[in-house]
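Listed below are the residues making up each chain.
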Amino acid sequence: MSEHWSIGQLAERAGLATSALRYYEDQGLITALRSSGGQRLYPREVLRRVAFIRAAQNVGLSLDDIRQALANLPEGRTPTQADWTRLSRQWKPLLEARIAALCTLRDQLDACIGCGCLSLKRCALYNPGDAAQRLGPGARYLLGNSASEVT
């Protein structure tokens, strides 16, 4: 097997659209060589880098988070198991905060979120007069505030 893959070969092996690979490249997450005809040629180890990116996305990390992590590696190096272990420890607090926010959303999904919309009849009960706005902008109850803080 060749040491370099075309974008189509990498896309097929990685289970991604070629447009996703071009986007990753535009974002500086992966790099390709160019043939004399301008065709993208990816070293085979880019597949592991793509797998790293997808795994990080699957746990909810943004491409900015992933880019920062990859920037800490030597130029172009594929992340190792040790790298993943170190990075996953760094990401744990971020993931815990996201899990907590999702649990709050799940538990309050059918209640007022303190957004100030005043369009629901229930707002008169949960957020009378848009009192939650004193706590700041946005959906205050989803951001961690409670109705008891405005009474």
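Residues numbered from 1 in each chain as written. Predicted model: local features only at pLDDT ≥ 70, side-chain atom pairs only at ≥ 80, totals over all residues. Heavy atoms only, no water.

Right, let's talk about the nonpolar core for a bit. Leu21, Tyr24 and Ile66 are the most contacted members of the largest nonpolar core, which totals 27 residues. Looking at this core, the elements that each hand over two or more residues are helix H1 (7–14), helix H2 (18–26), helix H3 (46–58), helix H4 (63–71) and helix H5 (81–108). Ranked by residue count, the leading element in this core is H3, at six residues. Among all residues touching Tyr24, those that are not within four sequence positions of it are Leu16, Leu29, Ile30, Val50, Ile53, Arg54, Gln57 and Leu63. In terms of nonpolar packing, the next biggest core, distinct from the first, is built from six residues, Cys112, Ala131, Ala132 and Val150 among them. (Core = buried A, V, L, I, M, F, W, Y, C linked by side-chain atoms within 4.5 Å. Buried < 20%, exposed > 50% of the residue type's maximum accessible area, 1.4 Å probe, protein only. Helix = DSSP H or I, 4+ residues; strand = E, 2+ residues; numbered from the N terminus. Contact = heavy atoms within 4.5 Å.)

Moving on, we come to the sheet that holds strand E1 (residues 4–6). The pairing of strands in a sheet comes from backbone hydrogen bonds and takes either a parallel or an antiparallel form. Strand order in the open sheet formed by three strands is E1-E3-E2, with antiparallel pairing between adjacent strands. Looking along the sheet, the strands with just one partner apiece sit at the ends: E1 and strand E2 (33–34). With three bridges connecting them, E1 and strand E3 (residues 40–43) associate as antiparallel partners. In the strand pairing of E3, Trp5 is matched with Tyr42. Each of E1 and E3 touches H1; the most contacted strand, E1, lies at about 90° to it. (Pairing = 2+ DSSP bridges. Axes fitted to C-alpha atoms, helices over the stretch in contact; angles between N-to-C directions.)

As paired elements, E2 and E3 share two bridges and run antiparallel to each other. Pairing of Leu33 across the sheet is with Leu41, part of E3. The loop that links E2 with its antiparallel partner E3 comprises five residues; one of these, Gly38, has a positive phi angle of about 90°.

Bringing the confidence of the model for the protein chain into the picture now. Of all residues in the protein chain, 91% have pLDDT values of 70 or greater, and the mean over the chain is 85. Ranking the helices and strands of the protein chain by mean pLDDT puts H2 first, with 96, and helix H6 (residues 123–126) last, with 70. (pLDDT = per-residue confidence, 0-100.)

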